[in-house]
Amino acid sequence: MTTMTTRAISQDTPAIAGGTPAKTTPFARAKRYGSEELEQLEEALDQQTLFYAQGTKVKALEAAFAQAVGAGFAVATSSGTSALHAALIALGISPGDEVITTPITDIGTLVPILYQNAVPVFADLDPHTYNLDPQSVAARVSPRTRAIVAVHLAGNACDLSALQTIADRHNLFLIEDCAQAHGCAYEGRPVGTTGQIGCFSFNEFKHIACGDGGVAVTRDPQLAHRLRLATDKGYDRSPDALVRQAQFLANNYRLTELQGAVALAQLPKLGAIVARRRAWCGQLSERLAGIAGLSLPRITPGCDPSWWFYLLRVIPDVLTDADAFAAGLRAEGLPASAHYIGKCIYEYPLFADHCAFARSDGAPPPAYASYPYHHGQCPTAESILNTGVQIAINEGYSQSDLDESVRAIDRLARWFQHK
Ligand SMILES: *Cc1c(COP(=O)(O)O)cnc(C)c1O
């Protein structure tokens, strides 16, 4: 505190120490929905049906999405979470099966595993890409492991070739959670097509959106058929179905024509959205490179990222902790927050206390009840969250938004370096 009061206020003084905030004008934000969505919605209503099997919008969305990612087949769903659940159902993930995934993700990655009464097993992460560390994944394979759910966090691809090698060696399914990675490519191909099934979200906050919605893609026609049944209560609507009634347990995860219409209008906008985010975050990384005390996000080799948010790490010994740094950035007018999801998912009460269901008396315990979840399970993931500072990104951000953001981060880092 003494250095703070004795140093004169200058251009380099951060807002937390009495300087003028670096951000002088509000961040520019792109308009999310417009006349394209309205036109599609009007057409959807004019059909006089909002049911996917009778209308044209969900079907058109599925065809366009499959085409866009080069998958062959796409099945629309009510959310990203339901796309992932449909994927597990379609692949036959069953009670007691172990599914390896990451402890830093949206809870929507985990919920479907628990609903299958399968057992989530958490592997540790790369300290710079924040994605699954293939060595840790390999170490956590057991005779009960059936699948890997690879989450491409913040629009940066996992090391898919290493994960595919592990999956092949142990005969595991590879499912890609692409909810944060619309438009992200790995070795020249869109993510979602390396594993058996790729799952995307159209929730309100993702690259493209329709309020809530999702889609699962696959190259395998039989899996596509099972995905469809898995979103439609197991009911087989195909004209040549021999048995129409459910032959396995599945929920109603259908997308309505209204959401399909909006998502259909959003899809052509994705290319421009991703290009702008790529350019903005690419420049941010270039201009922040070399600032002592900051560890910048590293792009996976072979990946062309689509940047859902920007997560950097502070080196507390050089600067300060993530809370103080994020508070300093907010004082400058930047949309920053510390610790992303707060704690690793295995430390959430749902896991630490195995409290998936209300009652535990008499009923057989869920399969994951016998798996211990505890602090220290994935030390690198924990340190990523401890030191992580998340900066929200929007494709509408301008050049002056970039200049002011760099100035804010740079002068705050310098100030903490000398404190
Ligand atoms: C958003 C998200 C989900 C869940 O998607 P919803 O559409 O909200 O159900 C799953 N996984 C990841 C990584 C996500 O970011």
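Residues numbered from 1 in each chain as written. Predicted model: local features only at pLDDT ≥ 70, side-chain atom pairs only at ≥ 80, totals over all residues. Heavy atoms only, no water.

## Considering the overall build of the protein chain
Looking only at helices and strands, the protein chain has 14 helices and 14 strands in total. Its C-alpha atoms give the protein chain a radius of gyration of 23 Å, within 12% of the compact-globule value 22 Å for 419 residues. Taken over the C-alpha atoms alone, the protein chain extends approximately 80 × 50 × 40 Å along its principal axes. In the protein chain, which comprises 419 residues, the share counted as buried stands at 53%. The long-range fraction of contacts in the protein chain, counting pairs at least 24 apart against all pairs at least 6 apart in sequence, stands at 70%. When the accessible surface of the protein chain is totalled, it reaches about 17,900 Å², and 54% of it is carbon and sulfur. Charge centroids of the protein chain, computed over 34 positive and 41 negative side chains, lie 1 Å from each other. (Helix = DSSP H or I, 4+ residues; strand = E, 2+ residues; numbered from the N terminus. Rg over C-alpha atoms; globule rule 2.2 N^0.38 Å. Buried < 20%, exposed > 50% of the residue type's maximum accessible area, 1.4 Å probe, protein only. Contact = heavy atoms within 4.5 Å. Areas by Shrake-Rupley, 256 points an atom, 1.4 Å probe, with all protein chains shown as cover. Lys, Arg positive; Asp, Glu negative; His and termini not counted. Charge placed at Lys NZ, Arg CZ, Asp CG, Glu CD.)

## Thoughts on the pattern of salt bridges
Inspection of every chain in the model, using the stated rule, returns 14 salt bridges. Close ionic contact of lysine 269 with glutamate 37 constitutes a salt bridge, the shortest N to O distance being 2.8 Å. Remark: glutamate 37 occurs in helix H2 (residues 35–46) and lysine 269 occurs in the loop between helix H9 (257–266) and helix H10 (270–288); sequence separation between them is 232 residues. Across the pair aspartate 232 and arginine 254 runs a salt bridge, and its minimum N-O distance is 2.9 Å. In this pair, aspartate 232 is assigned in the loop between helix H8 (221–231) and H9 and arginine 254 in the loop between H8 and H9, connecting sequence segments 22 residues apart. Residue aspartate 232 is classed as buried on the basis of its relative accessible area of 0%. Look at arginine 254 and you get partly exposed, because its relative accessible area is 22%. (Salt bridge = Lys/Arg side-chain N within 4 Å of Asp/Glu carboxyl O.)

## Details of the packing of aromatic side chains
Enumeration over the complete set of coordinates arrives at 17 aromatic pairs. Between the aromatic rings of phenylalanine 309 and tyrosine 340, the centroid separation amounts to 4.8 Å while the plane-to-plane angle is 45°, which identifies the pairing as tilted. Of the two residues, phenylalanine 309 is situated in strand S12 (residues 309–314) and tyrosine 340 in the loop between strand S13 (336–338) and helix H12 (349–352); the sequence distance between them amounts to 31 residues. Judged by centre distance (5.7 Å) and plane angle (85°), the ring pair of phenylalanine 351 and tyrosine 368 falls under edge-to-face. On the criterion of sequence distance, the pair formed by phenylalanine 351 in helix H12 and tyrosine 368 in the loop between H12 and helix H13 (379–387) is long-range, its members being 17 residues apart. Classification of phenylalanine 351 by relative accessible area gives buried; the value is 0%. Of the aromatic side chains, those joined through ring pairs into one cluster are Phe122, Tyr346, Phe351, Tyr368, Tyr371 and Tyr373. In this structure, lysine 206 packs its charged tip against the face of tryptophan 308, placed 5.1 Å from the ring centre. (Phe/Tyr/Trp six-rings, centres within 6.5 Å; stacked < 30°, edge-to-face > 60°. Lys NZ or Arg CZ within 6 Å of the ring centre and 35° of its normal.)

## Overview of unusual backbone geometry
Residue asparagine 117 is not a glycine yet carries a positive backbone phi of 55°. Mapped onto the elements of the fold, asparagine 117 is located in the loop between helix H5 (111–115) and strand S3 (119–122).

## Here's the deal with H13
Inspection of H13 places Ala381, Glu382, Ile384, Leu385 and Thr387 among the buried residues, and these make up the whole buried set. Contact partners of the buried residues in H13: S12, helix H11 (322–332) and strand S14 (388–392).

## Observations regarding the sheet that holds strand S7 (residues 189–190)
In a beta sheet, neighbouring strands pair by backbone hydrogen bonds and run either parallel or antiparallel. Spatially, three strands are ordered S7-S6-S11 in an open sheet, and the strand pairing comes out antiparallel. Of all the strands in the sheet, just S7 and strand S11 (303–304) have a single pairing partner and so form its edges. Two strands pair when backbone bridges link them, and strand S6 (residues 185–186) and S7 are joined in this way by two bridges, in the antiparallel orientation. Note on S7: the bridge partner recorded for alanine 185 is proline 190. (Pairing = 2+ DSSP bridges.)

## With respect to the packing of H11 against helix H14 (residues 399–417)
Closest axis-to-axis distance for the H11/H14 pair is 10 Å, and the angle between their directions is 135°. One way to sum up the angle between H11 and H14 is to call them oblique. As for how H11 packs across H14, the hand of that crossing is right-handed. In contact with Ala324, Phe325, Gly328, Leu329 and Glu332 of H11, H14 contributes Ala408, Ile409, Arg411, Leu412, Ala413 and Phe416. (Axes fitted to C-alpha atoms, helices over the stretch in contact; angles between N-to-C directions. Parallel < 35°, antiparallel > 145°, perpendicular 65-115°, else oblique. Left-handed = near helix turned anticlockwise from the far one by under 90°.)

## Looking at the site of the ligand
Among the 14 residues in the neighbourhood of the ligand, the closest are listed as Gly80, Thr81, Asp177, Ser201 and Lys206. Threonine 81 places a side-chain nitrogen or oxygen 2.5 Å from an oxygen atom of the ligand. Measuring from a nitrogen atom of the ligand, one finds a side-chain N or O atom of aspartate 177 at 2.7 Å. Broken down by class, the residue content of the shell around the ligand amounts to two nonpolar, nine polar and three charged. (Near = heavy atom within 4 Å. Polar contact = N/O pair within 3.5 Å; in protein donor to acceptor, adjacent residues only side chain to side chain. Nonpolar A, V, L, I, M, F, W, Y, C, P; charged D, E, K, R; others polar.)

## Brief notes about the state of the cysteines
According to the stated counting rule, one finds zero disulfides in the structure shown. With no disulfide partner, cysteine 184 has as its closest neighbouring cysteine sulfur the one in cysteine 303, 3.6 Å distant. Classification of cysteine 184 by relative accessible area gives buried; the value is 1%. (Disulfide = S-S within 2.5 Å.)

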